[in-house]
Number of protein chains: 2
Amino acid sequence: MNGFELSERSRPIGRMDSDKSQRVAYALRLGDDALIAAQRMGEWIAAAPQLEEDVALGNIALDLLGQARSLLSYAGQLEGAGRDEDTLAYFRDERDFLNAQIFELANGDFGFTIARLLVTSTYQFELYRRLQASTDDTLAAVAAKAVKEVDYHRDHATQWTLRLGDGTEESHRRIQQGVEDVWPYVAELFESDDLVASLAAEGIAVDPATLREPAMSYVDSVLAEATLPQTETSVHHTGGRRGIHTEQMGYLLAEMQHLARSHPGAQW
Amino acid sequence: MNGFELSERSRPIGRMDSDKSQRVAYALRLGDDALIAAQRMGEWIAAAPQLEEDVALGNIALDLLGQARSLLSYAGQLEGAGRDEDTLAYFRDERDFLNAQIFELANGDFGFTIARLLVTSTYQFELYRRLQASTDDTLAAVAAKAVKEVDYHRDHATQWTLRLGDGTEESHRRIQQGVEDVWPYVAELFESDDLVASLAAEGIAVDPATLREPAMSYVDSVLAEATLPQTETSVHHTGGRRGIHTEQMGYLLAEMQHLARSHPGAQW
(Lines give C-alpha, C1' and ligand atoms only; values in the text may rest on other atoms or scores of the structure.)
Protein backbone atom coordinates (compact mmCIF):
# COMPACT_ATOMS: atom_id res chain seq x y z
CA MET A 1 0.00 0.00 0.00
CA ASN A 2 1.53 3.35 -0.95
CA GLY A 3 0.65 6.85 0.09
CA PHE A 4 -0.74 7.78 -3.32
CA GLU A 5 -3.17 4.90 -3.39
CA LEU A 6 -4.32 5.67 0.10
CA SER A 7 -5.04 9.30 -0.64
CA GLU A 8 -6.66 8.42 -3.97
CA ARG A 9 -8.98 5.98 -2.32
CA SER A 10 -9.72 7.73 0.90
CA ARG A 11 -10.39 11.26 -0.33
CA PRO A 12 -13.14 10.73 -2.86
CA ILE A 13 -14.76 7.95 -0.88
CA GLY A 14 -14.48 9.93 2.31
CA ARG A 15 -16.05 12.91 0.57
CA MET A 16 -18.77 10.86 -1.02
CA ASP A 17 -19.61 9.23 2.27
CA SER A 18 -19.75 12.53 4.06
CA ASP A 19 -21.82 14.08 1.29
CA LYS A 20 -24.09 11.06 1.22
CA SER A 21 -24.61 10.93 4.96
CA GLN A 22 -25.37 14.65 4.89
CA ARG A 23 -27.96 14.07 2.20
CA VAL A 24 -29.45 11.25 4.22
CA ALA A 25 -29.73 13.52 7.24
CA TYR A 26 -31.22 16.31 5.12
CA ALA A 27 -33.83 14.03 3.56
CA LEU A 28 -34.65 12.72 7.03
CA ARG A 29 -35.10 16.23 8.39
CA LEU A 30 -37.59 17.15 5.67
CA GLY A 31 -39.25 13.74 5.73
CA ASP A 32 -39.62 13.70 9.51
CA ASP A 33 -41.13 17.18 9.44
CA ALA A 34 -43.78 15.90 7.03
CA LEU A 35 -44.34 12.59 8.82
CA ILE A 36 -44.83 14.08 12.27
CA ALA A 37 -47.01 16.85 10.86
CA ALA A 38 -49.16 14.24 9.09
CA GLN A 39 -49.61 12.33 12.33
CA ARG A 40 -50.82 15.41 14.20
CA MET A 41 -53.06 16.49 11.33
CA GLY A 42 -54.54 13.02 10.98
CA GLU A 43 -55.69 13.21 14.59
CA TRP A 44 -58.21 15.81 13.44
CA ILE A 45 -60.14 13.43 11.18
CA ALA A 46 -63.71 13.50 12.45
CA ALA A 47 -62.67 15.68 15.39
CA ALA A 48 -62.54 19.14 13.82
CA PRO A 49 -65.34 21.61 14.56
CA GLN A 50 -66.95 21.00 11.15
CA LEU A 51 -67.22 17.93 8.94
CA GLU A 52 -66.03 20.03 6.01
CA GLU A 53 -62.90 20.91 7.99
CA ASP A 54 -62.35 17.26 8.91
CA VAL A 55 -62.13 16.54 5.20
CA ALA A 56 -59.78 19.46 4.57
CA LEU A 57 -57.40 18.59 7.42
CA GLY A 58 -57.54 14.92 6.43
CA ASN A 59 -56.48 15.83 2.91
CA ILE A 60 -53.64 17.94 4.26
CA ALA A 61 -52.53 15.00 6.40
CA LEU A 62 -52.47 12.75 3.34
CA ASP A 63 -50.44 15.26 1.32
CA LEU A 64 -47.88 15.40 4.13
CA LEU A 65 -47.82 11.63 4.42
CA GLY A 66 -47.08 11.39 0.70
CA GLN A 67 -44.18 13.83 1.06
CA ALA A 68 -42.89 11.87 4.04
CA ARG A 69 -42.95 8.62 2.09
CA SER A 70 -40.95 10.09 -0.81
CA LEU A 71 -38.36 11.69 1.42
CA LEU A 72 -37.89 8.76 3.80
CA SER A 73 -37.75 6.34 0.91
CA TYR A 74 -35.00 8.46 -0.68
CA ALA A 75 -33.11 8.67 2.63
CA GLY A 76 -33.23 4.88 2.87
CA GLN A 77 -31.94 4.43 -0.68
CA LEU A 78 -29.07 6.86 -0.15
CA GLU A 79 -28.17 5.24 3.14
CA GLY A 80 -27.93 1.87 1.42
CA ALA A 81 -28.36 -0.07 4.64
CA GLY A 82 -31.58 -1.81 3.69
CA ARG A 83 -33.92 0.48 5.61
CA ASP A 84 -37.02 1.41 3.64
CA GLU A 85 -39.45 4.22 4.44
CA ASP A 86 -41.49 2.00 6.75
CA THR A 87 -38.45 0.91 8.76
CA LEU A 88 -37.41 4.54 9.06
CA ALA A 89 -40.87 5.61 10.19
CA TYR A 90 -41.66 2.82 12.61
CA PHE A 91 -38.34 1.53 13.92
CA ARG A 92 -36.28 4.58 14.70
CA ASP A 93 -36.06 5.80 18.27
CA GLU A 94 -36.96 9.30 19.35
CA ARG A 95 -33.36 10.52 19.31
CA ASP A 96 -33.08 9.55 15.63
CA PHE A 97 -35.99 11.71 14.49
CA LEU A 98 -34.80 15.00 13.04
CA ASN A 99 -38.03 17.00 12.72
CA ALA A 100 -38.27 20.51 14.15
CA GLN A 101 -40.09 20.50 17.47
CA ILE A 102 -42.95 22.68 16.21
CA PHE A 103 -44.33 19.69 14.27
CA GLU A 104 -44.55 17.36 17.26
CA LEU A 105 -46.43 19.61 19.70
CA ALA A 106 -49.85 18.23 20.64
CA ASN A 107 -52.75 19.63 18.64
CA GLY A 108 -54.42 21.39 21.53
CA ASP A 109 -57.00 23.89 20.44
CA PHE A 110 -58.13 24.37 16.82
CA GLY A 111 -56.66 27.88 17.04
CA PHE A 112 -53.26 26.41 17.88
CA THR A 113 -53.49 23.96 14.99
CA ILE A 114 -54.28 26.75 12.53
CA ALA A 115 -51.56 29.05 13.89
CA ARG A 116 -49.02 26.24 13.58
CA LEU A 117 -50.20 25.34 10.08
CA LEU A 118 -49.87 28.96 8.99
CA VAL A 119 -46.23 29.09 10.08
CA THR A 120 -45.15 25.61 9.00
CA SER A 121 -46.88 25.61 5.62
CA THR A 122 -45.42 29.02 4.83
CA TYR A 123 -41.97 27.73 5.80
CA GLN A 124 -42.46 24.63 3.64
CA PHE A 125 -43.79 26.67 0.73
CA GLU A 126 -40.72 28.94 0.67
CA LEU A 127 -38.47 25.90 1.13
CA TYR A 128 -39.94 23.70 -1.61
CA ARG A 129 -40.24 26.61 -4.01
CA ARG A 130 -36.44 26.99 -3.90
CA LEU A 131 -35.64 23.29 -3.56
CA GLN A 132 -37.12 22.72 -7.02
CA ALA A 133 -33.79 24.06 -8.30
CA SER A 134 -31.73 21.57 -6.27
CA THR A 135 -28.85 19.88 -8.09
CA ASP A 136 -30.16 16.67 -6.49
CA ASP A 137 -32.74 15.49 -9.01
CA THR A 138 -34.77 13.49 -6.51
CA LEU A 139 -35.06 16.36 -4.03
CA ALA A 140 -35.95 18.71 -6.90
CA ALA A 141 -38.72 16.35 -8.05
CA VAL A 142 -40.14 15.90 -4.54
CA ALA A 143 -40.11 19.68 -4.10
CA ALA A 144 -41.88 20.30 -7.41
CA LYS A 145 -44.78 18.11 -6.33
CA ALA A 146 -44.81 19.26 -2.69
CA VAL A 147 -44.80 22.97 -3.43
CA LYS A 148 -48.27 22.81 -4.98
CA GLU A 149 -49.59 20.93 -1.96
CA VAL A 150 -48.13 23.22 0.70
CA ASP A 151 -49.31 26.22 -1.31
CA TYR A 152 -52.84 24.94 -0.73
CA HIS A 153 -52.11 24.26 2.97
CA ARG A 154 -50.82 27.81 3.35
CA ASP A 155 -53.89 29.21 1.67
CA HIS A 156 -56.16 27.13 3.92
CA ALA A 157 -54.36 28.30 7.07
CA THR A 158 -54.47 31.88 5.84
CA GLN A 159 -58.23 31.81 5.27
CA TRP A 160 -58.83 30.35 8.74
CA THR A 161 -56.48 32.81 10.45
CA LEU A 162 -58.39 35.71 8.88
CA ARG A 163 -61.74 34.18 9.71
CA LEU A 164 -60.83 33.51 13.35
CA GLY A 165 -58.87 36.71 13.92
CA ASP A 166 -61.50 38.92 12.34
CA GLY A 167 -64.41 36.88 13.78
CA THR A 168 -65.92 36.88 17.24
CA GLU A 169 -64.18 37.99 20.41
CA GLU A 170 -63.85 34.33 21.37
CA SER A 171 -62.38 33.17 18.06
CA HIS A 172 -60.01 36.14 18.04
CA ARG A 173 -58.83 35.28 21.55
CA ARG A 174 -58.23 31.68 20.63
CA ILE A 175 -56.23 32.22 17.43
CA GLN A 176 -54.17 34.84 19.25
CA GLN A 177 -53.45 32.34 22.02
CA GLY A 178 -52.51 29.82 19.36
CA VAL A 179 -50.02 32.22 17.80
CA GLU A 180 -48.50 32.98 21.20
CA ASP A 181 -48.13 29.27 22.03
CA VAL A 182 -46.55 28.49 18.65
CA TRP A 183 -44.12 31.39 18.67
CA PRO A 184 -41.31 29.94 20.86
CA TYR A 185 -40.99 27.09 18.33
CA VAL A 186 -40.83 29.21 15.17
CA ALA A 187 -37.17 30.26 15.18
CA GLU A 188 -35.93 26.66 15.02
CA LEU A 189 -37.39 26.28 11.53
CA PHE A 190 -34.99 28.94 10.22
CA GLU A 191 -31.82 27.79 11.99
CA SER A 192 -28.79 27.01 9.88
CA ASP A 193 -25.95 24.63 10.80
CA ASP A 194 -22.86 23.16 9.16
CA LEU A 195 -24.84 20.40 7.51
CA VAL A 196 -27.33 22.53 5.59
CA ALA A 197 -24.78 25.28 4.96
CA SER A 198 -22.46 22.76 3.32
CA LEU A 199 -25.24 21.13 1.26
CA ALA A 200 -26.57 24.56 0.30
CA ALA A 201 -23.12 25.58 -0.94
CA GLU A 202 -23.25 22.60 -3.31
CA GLY A 203 -26.71 23.58 -4.50
CA ILE A 204 -28.30 20.47 -2.97
CA ALA A 205 -30.17 21.99 -0.02
CA VAL A 206 -31.76 25.31 0.81
CA ASP A 207 -30.30 27.06 3.85
CA PRO A 208 -33.30 27.63 6.17
CA ALA A 209 -31.80 30.95 7.29
CA THR A 210 -32.57 32.34 3.83
CA LEU A 211 -36.25 31.46 4.27
CA ARG A 212 -36.86 33.50 7.39
CA GLU A 213 -37.41 36.86 5.75
CA PRO A 214 -39.85 35.81 3.00
CA ALA A 215 -41.73 33.36 5.24
CA MET A 216 -42.12 35.65 8.23
CA SER A 217 -43.02 38.63 6.10
CA TYR A 218 -45.93 36.59 4.70
CA VAL A 219 -46.98 35.36 8.16
CA ASP A 220 -46.76 38.86 9.61
CA SER A 221 -48.91 40.30 6.83
CA VAL A 222 -51.59 37.65 7.45
CA LEU A 223 -51.56 38.27 11.20
CA ALA A 224 -51.84 42.02 10.61
CA GLU A 225 -54.80 41.58 8.26
CA ALA A 226 -56.38 39.26 10.87
CA THR A 227 -56.08 42.13 13.38
CA LEU A 228 -53.73 40.06 15.53
CA PRO A 229 -51.03 41.95 17.43
CA GLN A 230 -47.32 41.39 16.87
CA THR A 231 -46.09 38.54 19.05
CA GLU A 232 -42.85 38.71 20.99
CA THR A 233 -41.08 35.89 22.76
CA SER A 234 -37.76 35.62 24.53
CA VAL A 235 -37.96 31.81 24.66
CA HIS A 236 -36.72 29.82 21.66
CA HIS A 237 -36.89 26.06 21.84
CA THR A 238 -34.52 24.13 19.63
CA GLY A 239 -32.75 20.78 19.25
CA GLY A 240 -35.10 18.83 16.95
CA ARG A 241 -32.57 18.72 14.09
CA ARG A 242 -30.16 16.96 16.48
CA GLY A 243 -32.77 14.53 17.81
CA ILE A 244 -33.75 16.44 20.93
CA HIS A 245 -37.51 16.49 21.35
CA THR A 246 -40.30 17.57 23.67
CA GLU A 247 -42.16 15.26 26.01
CA GLN A 248 -45.05 15.17 23.55
CA MET A 249 -42.91 13.43 20.91
CA GLY A 250 -42.75 10.28 23.03
CA TYR A 251 -46.52 9.91 23.13
CA LEU A 252 -46.79 10.57 19.40
CA LEU A 253 -44.20 7.92 18.56
CA ALA A 254 -45.77 5.41 20.92
CA GLU A 255 -49.04 5.71 19.04
CA MET A 256 -47.49 5.82 15.60
CA GLN A 257 -45.08 2.94 16.09
CA HIS A 258 -47.09 0.69 18.38
CA LEU A 259 -48.59 -1.58 15.76
CA ALA A 260 -45.49 -2.10 13.65
CA ARG A 261 -43.34 -2.70 16.74
CA SER A 262 -45.70 -5.08 18.45
CA HIS A 263 -45.18 -7.49 15.56
CA PRO A 264 -41.69 -6.77 14.21
CA GLY A 265 -41.00 -8.54 10.94
CA ALA A 266 -44.62 -9.56 10.51
CA GLN A 267 -45.59 -10.01 6.87
CA TRP A 268 -48.55 -7.70 6.48
CA MET B 1 -114.41 22.56 10.36
CA ASN B 2 -116.09 19.72 8.48
CA GLY B 3 -115.21 16.07 8.15
CA PHE B 4 -114.13 16.40 4.58
CA GLU B 5 -111.68 19.16 5.29
CA LEU B 6 -110.26 17.26 8.21
CA SER B 7 -109.67 14.10 6.26
CA GLU B 8 -108.32 16.07 3.31
CA ARG B 9 -105.85 17.85 5.49
CA SER B 10 -104.90 15.19 7.92
CA ARG B 11 -104.34 12.24 5.63
CA PRO B 12 -101.77 13.62 3.23
CA ILE B 13 -100.02 15.63 5.91
CA GLY B 14 -100.03 12.73 8.28
CA ARG B 15 -98.63 10.52 5.57
CA MET B 16 -96.06 13.06 4.52
CA ASP B 17 -94.88 13.58 8.08
CA SER B 18 -94.56 9.90 8.69
CA ASP B 19 -92.87 9.38 5.35
CA LYS B 20 -90.57 12.31 6.00
CA SER B 21 -89.60 11.22 9.47
CA GLN B 22 -88.90 7.76 8.10
CA ARG B 23 -86.68 9.24 5.43
CA VAL B 24 -84.86 11.30 8.04
CA ALA B 25 -84.23 8.17 10.09
CA TYR B 26 -83.10 6.27 7.01
CA ALA B 27 -80.67 9.00 5.93
CA LEU B 28 -79.37 9.12 9.51
CA ARG B 29 -78.81 5.37 9.57
CA LEU B 30 -76.73 5.46 6.40
CA GLY B 31 -75.01 8.71 7.34
CA ASP B 32 -74.14 7.51 10.84
CA ASP B 33 -72.71 4.29 9.45
CA ALA B 34 -70.39 6.35 7.25
CA LEU B 35 -69.53 8.91 9.93
CA ILE B 36 -68.61 6.39 12.60
CA ALA B 37 -66.68 4.28 10.10
CA ALA B 38 -64.74 7.38 9.01
CA GLN B 39 -63.83 8.13 12.61
CA ARG B 40 -62.44 4.65 13.18
CA MET B 41 -60.62 4.61 9.85
CA GLY B 42 -59.14 8.04 10.47
CA GLU B 43 -57.51 6.71 13.62
CA TRP B 44 -55.21 4.70 11.36
CA ILE B 45 -53.57 7.71 9.77
CA ALA B 46 -49.85 7.32 10.46
CA ALA B 47 -50.53 4.27 12.63
CA ALA B 48 -50.96 1.51 10.05
CA PRO B 49 -48.15 -0.99 9.56
CA GLN B 50 -46.99 0.71 6.35
CA LEU B 51 -46.96 4.34 5.25
CA GLU B 52 -48.59 3.31 1.97
CA GLU B 53 -51.42 1.76 3.96
CA ASP B 54 -51.75 4.90 6.09
CA VAL B 55 -52.45 6.77 2.88
CA ALA B 56 -54.95 4.17 1.65
CA LEU B 57 -56.89 4.02 4.93
CA GLY B 58 -56.80 7.80 5.18
CA ASN B 59 -58.35 8.07 1.73
CA ILE B 60 -61.03 5.57 2.68
CA ALA B 61 -61.77 7.62 5.80
CA LEU B 62 -62.19 10.74 3.67
CA ASP B 63 -64.54 8.99 1.23
CA LEU B 64 -66.70 7.87 4.15
CA LEU B 65 -66.64 11.33 5.66
CA GLY B 66 -67.87 12.75 2.36
CA GLN B 67 -70.73 10.25 2.28
CA ALA B 68 -71.58 11.11 5.89
CA ARG B 69 -71.72 14.82 5.10
CA SER B 70 -74.10 14.33 2.18
CA LEU B 71 -76.43 12.02 4.09
CA LEU B 72 -76.51 14.00 7.34
CA SER B 73 -76.98 17.22 5.44
CA TYR B 74 -79.96 15.67 3.63
CA ALA B 75 -81.39 14.34 6.90
CA GLY B 76 -81.17 17.84 8.36
CA GLN B 77 -82.92 19.40 5.34
CA LEU B 78 -85.75 16.87 5.43
CA GLU B 79 -86.16 17.29 9.16
CA GLY B 80 -86.57 21.04 8.68
CA ALA B 81 -85.67 21.84 12.27
CA GLY B 82 -82.57 23.86 11.52
CA ARG B 83 -80.04 21.14 12.26
CA ASP B 84 -77.25 20.96 9.70
CA GLU B 85 -74.79 18.11 9.21
CA ASP B 86 -72.41 19.52 11.83
CA THR B 87 -75.13 19.81 14.45
CA LEU B 88 -76.20 16.25 13.69
CA ALA B 89 -72.64 14.96 13.94
CA TYR B 90 -71.49 16.83 17.02
CA PHE B 91 -74.56 17.55 19.11
CA ARG B 92 -76.57 14.35 19.12
CA ASP B 93 -76.31 12.02 22.08
CA GLU B 94 -75.35 8.39 21.84
CA ARG B 95 -78.96 7.16 21.89
CA ASP B 96 -79.71 9.26 18.80
CA PHE B 97 -77.03 7.68 16.63
CA LEU B 98 -78.46 5.00 14.35
CA ASN B 99 -75.35 3.29 12.98
CA ALA B 100 -74.99 -0.46 13.15
CA GLN B 101 -72.73 -1.49 16.01
CA ILE B 102 -70.12 -3.06 13.74
CA PHE B 103 -68.94 0.41 12.71
CA GLU B 104 -68.27 1.65 16.25
CA LEU B 105 -66.13 -1.23 17.54
CA ALA B 106 -62.58 -0.14 18.43
CA ASN B 107 -60.00 -0.75 15.70
CA GLY B 108 -58.01 -3.32 17.61
CA ASP B 109 -55.65 -5.27 15.43
CA PHE B 110 -55.03 -4.52 11.75
CA GLY B 111 -56.52 -7.94 10.98
CA PHE B 112 -59.75 -6.90 12.71
CA THR B 113 -59.88 -3.64 10.77
CA ILE B 114 -59.47 -5.45 7.45
CA ALA B 115 -62.04 -8.14 8.33
CA ARG B 116 -64.53 -5.44 9.30
CA LEU B 117 -63.82 -3.42 6.17
CA LEU B 118 -64.38 -6.48 4.01
CA VAL B 119 -67.83 -7.04 5.47
CA THR B 120 -68.97 -3.43 5.74
CA SER B 121 -67.71 -2.30 2.33
CA THR B 122 -69.34 -5.30 0.68
CA TYR B 123 -72.59 -4.49 2.48
CA GLN B 124 -72.34 -0.83 1.40
CA PHE B 125 -71.45 -1.80 -2.16
CA GLU B 126 -74.54 -3.99 -2.56
CA LEU B 127 -76.64 -1.32 -0.83
CA TYR B 128 -75.52 1.69 -2.87
CA ARG B 129 -75.62 -0.26 -6.11
CA ARG B 130 -79.36 -0.76 -5.62
CA LEU B 131 -80.02 2.60 -3.98
CA GLN B 132 -79.02 4.32 -7.22
CA ALA B 133 -82.52 3.38 -8.42
CA SER B 134 -84.22 5.02 -5.42
CA THR B 135 -87.28 7.15 -6.20
CA ASP B 136 -85.73 9.68 -3.83
CA ASP B 137 -83.48 11.70 -6.15
CA THR B 138 -81.08 12.80 -3.43
CA LEU B 139 -80.52 9.30 -2.09
CA ALA B 140 -80.08 8.05 -5.65
CA ALA B 141 -77.45 10.71 -6.34
CA VAL B 142 -75.57 10.03 -3.10
CA ALA B 143 -75.60 6.32 -3.90
CA ALA B 144 -74.32 6.85 -7.45
CA LYS B 145 -71.24 8.64 -6.10
CA ALA B 146 -70.75 6.38 -3.08
CA VAL B 147 -70.93 3.09 -4.99
CA LYS B 148 -67.70 3.85 -6.84
CA GLU B 149 -65.94 4.67 -3.59
CA VAL B 150 -67.07 1.62 -1.64
CA ASP B 151 -66.24 -0.54 -4.66
CA TYR B 152 -62.63 0.55 -4.17
CA HIS B 153 -62.85 -0.04 -0.39
CA ARG B 154 -64.16 -3.53 -1.01
CA ASP B 155 -61.36 -4.24 -3.45
CA HIS B 156 -58.78 -2.94 -0.99
CA ALA B 157 -60.16 -5.12 1.84
CA THR B 158 -60.29 -8.11 -0.50
CA GLN B 159 -56.63 -7.77 -1.52
CA TRP B 160 -55.56 -7.51 2.12
CA THR B 161 -57.69 -10.44 3.23
CA LEU B 162 -56.09 -12.63 0.56
CA ARG B 163 -52.62 -11.38 1.39
CA LEU B 164 -53.03 -11.96 5.13
CA GLY B 165 -54.94 -15.22 4.88
CA ASP B 166 -52.60 -16.70 2.33
CA GLY B 167 -49.48 -15.20 3.94
CA THR B 168 -47.52 -16.29 6.99
CA GLU B 169 -48.85 -18.42 9.82
CA GLU B 170 -48.96 -15.29 11.98
CA SER B 171 -50.83 -13.13 9.44
CA HIS B 172 -53.27 -15.98 8.79
CA ARG B 173 -53.93 -16.35 12.50
CA ARG B 174 -54.59 -12.65 12.89
CA ILE B 175 -57.02 -12.17 10.00
CA GLN B 176 -58.86 -15.28 11.12
CA GLN B 177 -59.13 -13.85 14.62
CA GLY B 178 -60.38 -10.62 13.07
CA VAL B 179 -63.11 -12.43 11.16
CA GLU B 180 -64.18 -14.29 14.31
CA ASP B 181 -64.34 -11.08 16.33
CA VAL B 182 -66.34 -9.29 13.64
CA TRP B 183 -68.81 -12.10 13.05
CA PRO B 184 -71.28 -11.50 15.92
CA TYR B 185 -71.86 -7.99 14.53
CA VAL B 186 -72.50 -8.95 10.89
CA ALA B 187 -76.14 -10.04 11.06
CA GLU B 188 -77.32 -6.62 12.26
CA LEU B 189 -76.34 -5.10 8.91
CA PHE B 190 -78.95 -7.24 7.16
CA GLU B 191 -81.82 -6.81 9.59
CA SER B 192 -85.09 -5.47 8.30
CA ASP B 193 -87.73 -3.59 10.32
CA ASP B 194 -90.99 -1.73 9.67
CA LEU B 195 -89.20 1.47 8.75
CA VAL B 196 -87.02 0.13 5.93
CA ALA B 197 -89.70 -2.31 4.79
CA SER B 198 -92.16 0.55 4.38
CA LEU B 199 -89.63 2.81 2.61
CA ALA B 200 -88.52 -0.08 0.42
CA ALA B 201 -92.13 -0.70 -0.60
CA GLU B 202 -92.25 2.89 -1.86
CA GLY B 203 -88.99 2.42 -3.79
CA ILE B 204 -87.17 4.89 -1.54
CA ALA B 205 -84.96 2.55 0.47
CA VAL B 206 -83.33 -0.83 -0.03
CA ASP B 207 -84.39 -3.49 2.43
CA PRO B 208 -81.14 -4.72 4.02
CA ALA B 209 -82.53 -8.26 4.18
CA THR B 210 -82.27 -8.44 0.38
CA LEU B 211 -78.55 -7.65 0.59
CA ARG B 212 -77.56 -10.57 2.77
CA GLU B 213 -77.31 -13.20 0.07
CA PRO B 214 -75.24 -11.26 -2.50
CA ALA B 215 -73.03 -9.63 0.14
CA MET B 216 -72.28 -12.76 2.14
CA SER B 217 -71.74 -14.84 -0.94
CA TYR B 218 -69.01 -12.40 -1.98
CA VAL B 219 -67.48 -12.34 1.52
CA ASP B 220 -67.57 -16.12 1.77
CA SER B 221 -65.84 -16.51 -1.58
CA VAL B 222 -63.05 -14.14 -0.51
CA LEU B 223 -62.61 -15.97 2.80
CA ALA B 224 -62.47 -19.30 0.99
CA GLU B 225 -59.85 -18.03 -1.45
CA ALA B 226 -57.88 -16.67 1.52
CA THR B 227 -57.90 -20.22 2.97
CA LEU B 228 -59.89 -19.03 5.97
CA PRO B 229 -62.35 -21.49 7.49
CA GLN B 230 -66.11 -20.88 7.65
CA THR B 231 -66.97 -18.93 10.78
CA GLU B 232 -69.94 -19.79 12.96
CA THR B 233 -71.39 -17.75 15.78
CA SER B 234 -74.42 -18.15 17.98
CA VAL B 235 -74.12 -14.59 19.30
CA HIS B 236 -75.71 -11.76 17.32
CA HIS B 237 -75.46 -8.26 18.70
CA THR B 238 -78.05 -5.78 17.59
CA GLY B 239 -79.76 -2.53 18.55
CA GLY B 240 -77.73 0.12 16.74
CA ARG B 241 -80.60 1.12 14.44
CA ARG B 242 -82.64 1.91 17.56
CA GLY B 243 -79.83 3.84 19.26
CA ILE B 244 -78.48 1.04 21.42
CA HIS B 245 -74.69 0.97 21.29
CA THR B 246 -71.64 -0.74 22.73
CA GLU B 247 -69.43 0.73 25.43
CA GLN B 248 -66.89 1.69 22.77
CA MET B 249 -69.33 4.13 21.16
CA GLY B 250 -69.14 6.42 24.18
CA TYR B 251 -65.38 6.83 23.90
CA LEU B 252 -65.64 7.42 20.16
CA LEU B 253 -68.27 10.14 20.59
CA ALA B 254 -66.33 11.78 23.41
CA GLU B 255 -63.35 12.20 21.12
CA MET B 256 -65.35 13.17 18.06
CA GLN B 257 -67.61 15.67 19.78
CA HIS B 258 -65.28 17.10 22.39
CA LEU B 259 -64.09 20.13 20.47
CA ALA B 260 -67.44 21.22 19.07
CA ARG B 261 -69.14 20.76 22.44
CA SER B 262 -66.53 22.51 24.51
CA HIS B 263 -67.37 25.71 22.66
CA PRO B 264 -71.02 25.42 21.61
CA GLY B 265 -72.09 28.11 19.21
CA ALA B 266 -68.54 29.32 18.68
CA GLN B 267 -68.04 30.97 15.29
CA TRP B 268 -65.21 28.95 13.79
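Here is what the cut-offs are and how they apply
Residues numbered from 1 in each chain as written. Chains lettered and ligands numbered in written order. Predicted model: local features only at pLDDT ≥ 70, side-chain atom pairs only at ≥ 80, totals over all residues. Heavy atoms only, no water. Helix = DSSP H or I, 4+ residues; strand = E, 2+ residues; numbered from the N terminus. Rg over C-alpha atoms; globule rule 2.2 N^0.38 Å. Buried < 20%, exposed > 50% of the residue type's maximum accessible area, 1.4 Å probe, protein only. Contact = heavy atoms within 4.5 Å. Axes fitted to C-alpha atoms, helices over the stretch in contact; angles between N-to-C directions. Parallel < 35°, antiparallel > 145°, perpendicular 65-115°, else oblique. Left-handed = near helix turned anticlockwise from the far one by under 90°. Salt bridge = Lys/Arg side-chain N within 4 Å of Asp/Glu carboxyl O. Core = buried A, V, L, I, M, F, W, Y, C linked by side-chain atoms within 4.5 Å. Least-squares fit on C-alpha atoms with pLDDT ≥ 70 in both.

### A few points about the overall build of chain A
Now for step 1: A count of helices and strands for chain A gives 9 helices and 0 strands.
Now for step 2: The globule rule puts the C-alpha radius of gyration for 268 residues at 18 Å, and the 20 Å found for chain A is close to it.
Now for step 3: Taking the principal axes of its C-alpha atoms as reference, chain A extends roughly 75 × 45 × 35 Å.
Now for step 4: Residues classed as buried in chain A amount to 56% of the 268 residues present.
Now for step 5: Expressed as a percentage of contacts within chain A between residues at least 6 apart in sequence, the contacts between residues at least 24 apart total 80%.

### Quick look at the packing of helix α4 (residues 110–131) of chain B against helix α6 (residues 169–182) of chain B
Residue and element names in this part refer to chain B.
Now for step 1: Taken N-terminus to C-terminus, the directions of α4 and α6 make an angle of 55°; their axes are 7 Å apart at the nearest point. Between α4 and α6, the interaxial angle falls into the category oblique. Handedness of the α4/α6 crossing: right-handed. Where α4 abuts α6, its residues Gly-111, Phe-112, Ile-114, Ala-115, Arg-116 and Val-119 lie against Arg-174, Ile-175, Gly-178, Val-179, Asp-181 and Val-182.

### A look at the pattern of salt bridges
Now for step 1: As enumerated under the stated definition, the model contains 29 salt bridges over all chains in all.
Now for step 2: If you follow the salt bridges from partner to partner, you end up with A:Asp109, A:Glu170, A:Arg173 and A:Arg174 in one network.

### Thoughts on unusual backbone geometry
Of all residues except glycine, most have a negative phi; of all peptide bonds, most are trans.
Now for step 1: We note that A:Thr227 has phi near 55°; this positive angle belongs to a residue other than glycine.
Now for step 2: Residue A:Thr227 is classed as partly exposed on the basis of its relative accessible area of 45%.

### Re the nonpolar core
Now for step 1: Core analysis: the biggest nonpolar cluster contains 176 residues, and A:Tyr26, A:Tyr128, B:Tyr26 and B:Tyr128 have the highest contact counts within it.
Now for step 2: Once residues lying within four places of it in the same chain are set aside, the contact partners of B:Tyr26 are B:Leu127, B:Leu131, B:Leu139, B:Leu195, B:Val196, B:Leu199, B:Ala205 and B:Val206.

### A few points about the relation of the copies chain B and chain A
Now for step 1: For these two chains of identical sequence, chain B goes onto chain A by a turn of 180° and a shift of 0.0 Å along the axis, with RMSD 0.0 Å. Both copies of the chain, as the preceding transformation shows, are related through a two-fold rotation axis.
Now for step 2: Of the residues that chain B buries at the interface, 98% are likewise interface residues in chain A, meaning the two copies contact each other through the same surface.

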